[in-house]
Amino acid sequence: MIRLEGVSKHYPGAALPAVDRLTLDVRRGEFVTLVGPSGCGKTTTLKMINRIIEPTGGSIFVDGVDALSVPAHELRRSIGYVIQQIGLFPHRTIAQNIGTVPGLLGWDQARTQDRIADLIDVVGLEPEMLDRYPAELSGGQQQRVGVARALAADPPVLLMDEPFGAVDPIVRGHLQREFLDLQRKLGKTVVFVTHDIDEAIFLGTRIAMLNTGGILEQYDTPEAILSEPVNQFVEDFLGGERGLKRLALLPISSAEMVRGPMIDRTGSRDDAERIMAEHSVDWVGILDGKKLLGWVDRRDLVSPDLNGVEPRPFAVSLSPNSSLREALDAVVTGHARIAVVVEDGEYKGMLDLESISEEITE
Amino acid sequence: MNLVVAQAATPLFDWDWVTRNLDTILEKTLEHLQLTGVALGLGLLLSVLLAAVSIWKARAYKPIAAFTGALYTIPSLAVFALVAPIIGIGTPSQKFWTAEVALVSYTLLILVRNIVTGIQGVPAGVSEAARGMGYQEGGLLARIEVPIAIPAIIAGVRIAAVTVIGLVTVTSLLGLGGLGFFILDGLRRSIIFPTEIIVGVVLSVGLAAVIDLGLLMLGRSLTPWMRAQGR
Amino acid sequence: MDESTRSIMDFLADVVAWFSESGRWLSGDGIIPRTAEHLWLAILPMAIAIALALPLAVWLGHRRIGEFAVNALVNVGRAVPSFGLLILAAVFFSRSGVSLRFWPVVVTLIALAIPPIFTNAYTAIVTVRPGSVEAARGVGYTENQVLWEVEVPIGAPLILAGIRISFLQVLATVPLAAVLSSGGGLGQYVVRGFARGTSGLDEVFAGALLIAVLTLGADWLFTKLEPLVLPEGVRRLSSTEVRARASVS
């Protein structure tokens, strides 16, 4: 979908090029994140794709078209562009901002209005905002409009330069998740620049690790990079706790769960003692059919049956879609050193430290 | 008052005249400086007071700004003309003060605004730190805020100085001295005498440039910390 | 001192008498025609100055070049004494036998009007937030469109402020032309009155009142006009931001 071949950017008077003969390709529907330290040329590279910065060498192809052979402004009308400063036009309403590219492409009023109404919904904003001005919106809202504006003419490609950098961390988390959903639904090809490795891991289907001068050190899926960093630079940039980061990418359903010390509430104290001995623990989980009620400590078992005891709820219960990292957190913080997994009210099983680490130790 | 058109034969610049009249030129230049100096001095005094009031009572700023702004908008000639009947223009002293009132009123807008902006431009963190250390309002103002505001104040004084120097040339209409004397005199001869006019204009521009530069240097010398920033 | 023997009331009575003299308002030398002349001598140079300075300033601002010229212009514009310039222009024009009532005045005023218009328009364009400009390029506007669809509308308040400063300056300088000949709009009353010394002070005062009303009125008109001319979204931009960016020459 996007092909960079030997692309360079050399600023006059600079000793070294900002980007030195970078070759990279992005497939249709991919979400590629460009990451690296300051000065690695990730933003420069992104901006060369839509020629906000003109390359000094190499060639760029977008959807088969040689980007350097068409007038820049025409190229940009078919590429969505979202920047950190957001850049909404302050002198125009939200609706007018979103409708900018359709206007440039000569869409008729009705079609544009429909499109704007759709998009405002898609990015999670209220239609009442359409007549407001950017200054009246919060940073997070403004950037949603920025995304809507980029999507307005339905471009196949979106270029994004640290788009969620200017908002606070809570809002950023929301925006990341929502945007990821959106991209998967719409099937857009996205090139996303960030300096935050965790953001890159969370969002990207492939990550391009760039070193100073636009040198591509590794270009692979997050799992591959995390489990096999190709050199010291990549390792350093990934930071510590790589194991945890990999766990964050894996869902619980990918690990082997065990039933663990469970007993139905109709059972007896003797059965409970037996199960506890089998598992070498001094607590037991109480089920009601398939429903998980909680757990009891050995010392709570005063009567011969289990009726008189109030089960204590587990502090955390996870769904099969939760990540193994969350499971690990539950294991480490819980009294019983396990994480219980429940789906739609049904008990699925539990994980302990061993079963979790098995997934990432090869 | 129809002027006779100058003869094309009149030379544009007569150096002889200049050398012959050097003493008059000096005299008028000094008069010009005197008019300017008094206006700036009084203007600064008044502006500091008005600025202090504006900073003390924030609500006073708007009317003060509006008033000084109106004085600034009204052409200098008209301000002279409004003041003249009040003070009178019979004696030289009256003429002097008529001119001074008008000149001073012209400087107020620029100076008050620059002083206020300069003081308010002191970063809040600095004032707060100073208060935290135990500075009280008077000392805070004098020792901390004013020094930091000096660049803005000097900028205002420079603009005011250059403006006043230009306006003093108009006071020649009142019969006062200054370099405007040459401009009018050269114009009102039976045959227009360009040399005098050129001398008047060139010297007033030159004077403005020198004073501007001088004030710039003064500002720099009063703010050694700005030089450290490589400004 | 003549004035002390007469009260303020006597003087004001003289002024009122001056205003109510027959023919004072409508005759050839009257207030109405002179006001019209005054305005024409201000509006014509402004129109020419805007036509010359605005497109150039806006274009230079967009290309981000010429900053040195702008700084020089600010300083020059402030230092040149309008009175002296006017007279000098008269000197040069008189050699070619042209009427001193009109052309020297207009040419001087054009020169006087240009600096504020130019510097404000340039600054207006240059201070538009880079994010807005980059986003404008990013959506696919041509360079021309970036300038006229985005930069100019956002910079409009500052551009207008420059025009206002310039116009008021020009309006204030017109009276000085009365020194040259029988022109100068309402300034003629003042200059004439001063020439007669103490006895002419009533005319001087009257003339000054008229000029004051005209200039303050023009200033007020501008404040009323601004909201009508500016696009609504721009007006909502923090007005303190605009005022902070506005320059005073």
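Residues take numbers from 1 onward in each chain, read along the sequence in its written order. Labels follow written order: the first chain is A, the first ligand is 1, and so on. This being a predicted model, a pLDDT of at least 70 is required before a residue's local features are given, and a value of 80 or more before pairs of side-chain atoms are given or counted; all residues contribute to the totals for chains, interfaces and linings.

Draft legend 1. The arrangement of the overall build of chain A in detail. Segments assigned H or I by DSSP are reported as helices when at least four residues long, segments assigned E as strands when at least two residues long, and all are numbered from the N terminus. Summing up its helical and strand segments, chain A has 14 helices and 16 strands in all. For the radius of gyration, the atom set is restricted to C-alpha positions; the globular benchmark scales as 2.2 Å times the number of residues to the power 0.38. For 362 residues, the compact-globule estimate of 2.2 N^0.38 gives 21 Å, and the C-alpha radius of gyration of chain A, at 26 Å, exceeds that figure by more than 25%. Each principal axis of the C-alpha atoms in chain A carries an extent, and together these give about 85 × 50 × 30 Å. Here exposure depends only on C-beta density: within 10 Å of a residue's C-beta, 20 or more other C-beta atoms make it buried, 12 or fewer make it exposed, and intermediate numbers make it partly exposed, the C-beta atoms being placed from the backbone. For chain A, with 362 residues in total, the buried portion stands at 38%. We call two residues in contact when the distance between their C-beta atoms, placed using the backbone, is within 7 Å. Look at the contacts in chain A between residues 6 or more apart in sequence, and 60% of them connect residues 24 or more apart.

Draft legend 2. The arrangement of the domain arrangement of chain A in detail. The split into domains, and so the bounds of each, comes from an automatic or database assignment of domains. For chain A, the assigned domains read domain 1 (2-250) and domain 2 (253-360). On the domain 2 of chain A side, the residues contacting the six residues of domain 1 of chain A number seven residues.

Draft legend 3. Up close: the sheet that holds strand β5 (residues 65-66) of chain A. All names here are of chain A. Two strands are counted as paired when DSSP detects at least two bridges linking them. If you trace the four strands from one edge of the open sheet to the other, you get β2-β1-β4-β5, paired in antiparallel fashion. The open sheet has two edge strands, β2 (19-26) and β5, and neither has a second partner. With five bridges joining them, strand β1 (residues 2-9) and strand β4 (residues 57-62) adopt antiparallel strand pairing. Residue pairing for β4: Ser8 is matched across the bridge by Gly57. Relative to β1, helix α1 (residues 42-49) is tilted by about 120 degrees, and along the sheet it contacts β1, β2 and β4. Axis angles are defined between N-to-C directions and span 0 to 180 degrees, where every axis is a line fitted to C-alpha atoms and, for a helix, only to the segment in contact.

Draft legend 4. Region of interest: the sheet that holds strand β6 (residues 79-83) of chain A. Residues and elements named next belong to chain A. The strand order across the open sheet built from six strands is β6-β7-β8-β3-β9-β10, with neighbouring strands paired in mixed fashion. Among the strands making up the open sheet, the edge pair consists of β6 and β10 (215-220). Across the sheet, the mean angle separating the axes of adjacent strands is 15 degrees when strand polarity is ignored. Relative to strand β8 (residues 189-194), strand β3 (residues 31-35) runs parallel, the two being bridged by five bridges. Each bridged residue has a counterpart across the sheet, and for Leu34 the counterpart in β8 is Val193.

Draft legend 5. Focus on the interface of chain B and chain C. With 39 residues of chain B at the contact, the number on the chain C side is 41 residues. Among the elements of the structure, α3 (61-73), α4 (76-87), α7 (137-168), α8 (180-188) and α9 (194-222) of chain B are those that each provide at least two residues to the side of chain B that touches chain C. With eight residues, the top contributor of residues to the side of chain B that touches chain C is α9 of chain B. Three classes are used: nonpolar for Ala, Val, Leu, Ile, Met, Phe, Trp, Tyr, Cys and Pro, charged for Asp, Glu, Lys and Arg, and polar for all others, with Gly counted as polar. Residues that form the side of chain B that touches chain C fall into these classes: 30 nonpolar, nine polar and no charged.

Draft legend 6. Up close: unusual backbone geometry. At Glu241 of chain A, a position not held by glycine, the phi torsion is positive, near 55 degrees. When you line up the elements, Glu241 of chain A lands in the loop between α10 (232-238) and α11 (242-249). When the 11 C-beta atoms within 10 Å are taken as the criterion, Glu241 of chain A is described as exposed. Although it is not a glycine, Arg64 of chain C adopts a positive phi angle of roughly 60 degrees. Positionally, Arg64 of chain C belongs in the loop between α2 (31-63) and α3 (67-79). Overall, Arg64 of chain C belongs to the exposed group, with 9 C-beta atoms counted inside 10 Å.

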